[in-house]
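Topology and contacts: notes
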Amino acid sequence: MVKPIVYVKTGCPWCEEVTEYLDARHIDYELVTVSGNREAMQAMMDLSGQSKAPTMDWDGEVLADFGVDELVPFLRKKGLA
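In short, a report on the structure. Everything numeric here is computed off the predicted structure, so don't read it as measured data. Within each chain, residues carry numbers counting from 1 in the order of the written sequence. Restriction of local features to residues with pLDDT of at least 70 applies here, the model being predicted, together with a cutoff of 80 or more for giving and counting side-chain atom pairs; totals for whole chains, interfaces and linings are based on all residues. Side-chain metrics rest on all non-hydrogen atoms present in the structure, leaving aside hydrogens and water.

Here we take up the nonpolar core. Among buried residues, those of type Ala, Val, Leu, Ile, Met, Phe, Trp, Tyr and Cys that are joined through side-chain atoms within 4.5 Å constitute a nonpolar core. Think of it in three bands: residues with accessible area under 20% of the maximum for their type are buried, residues over 50% are exposed, and the middle band is partly exposed, with areas taken using a 1.4 Å probe on protein chains only. Counting residues in each nonpolar core, the largest one holds 24 residues, and the members touching the most others are L22, M56, L71 and L75. Those elements that place two or more of their residues in this core are strand 1 (5-8), helix 1 (13-24), helix 2 (38-48), strand 3 (55-58) and helix 3 (68-77). In this description a helix means any DSSP run of H or I spanning at least four residues, a strand means any run of E spanning at least two, and both kinds are numbered starting from the N terminus. The element best represented in this core is helix 3, accounting for 5 residues. Residues count as neighbours in contact if any of their non-hydrogen atoms are within 4.5 Å of one another. In contact with M56, other than residues within four places in its own chain, are P4, I5, V6, L22, E61, V62, L63, F66, L71 and F74.

Within 6.5 Å between ring centres, the rings of Phe, Tyr and Trp (the latter by its six-membered ring) count as paired, and their orientation is classed by plane angle as stacked under 30 degrees, edge-to-face over 60, tilted in between. The tally for this structure, following the rule as stated, stands at 1 aromatic pair. Think of it as a cone above the ring: NZ of Lys or CZ of Arg counts as a charge over the ring if it is within 6 Å of the ring centre and within 35 degrees of the ring normal. For R25, the ring lying beneath its charged end belongs to Y21, and the centroid distance is 3.6 Å.

Should DSSP find at least two bridges between two strands, the strands are taken to pair. With mixed pairing, 4 strands are arranged side by side in an open sheet as 2-1-3-4. Sheet topology places strand 2 (30-33) and strand 4 (61-64) at the edges, where each strand pairs with a single neighbour. The sheet shows a mean angle of 15° between the axes of neighbouring strands, taken without regard to direction. As judged from the 4 bridges shared by strand 1 and strand 2, these two strands associate in the parallel manner. Among the inter-strand pairings, V8 is bridged to a residue of strand 2, identified as T33. Every axis corresponds to a line fitted to the C-alpha atoms, with the helix fit spanning only the stretch in contact, and the corresponding angles, defined between N-to-C directions, vary from 0 to 180 degrees.

Interpretation note: all reported values are geometric properties and have no functional meaning in isolation.
This is how it looks when you write it as structure tokens:
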């Protein structure tokens, strides 16, 4: 299975909620902090067309500016929720 990339910002409560949710369900992901990292921020913006976090890239399928409420149906489509 392809490991998703989760772009987050430091101090973002939605980012923390999402990573805690993924961790609690033992869903492996790559965490990329965009705060203070111009290249990572640009990569997230290129991917999603916006600058809000969290943003997830799961093998080309993008979920941007989301919380757990939006994450659950996304994971269900992947057979993980």
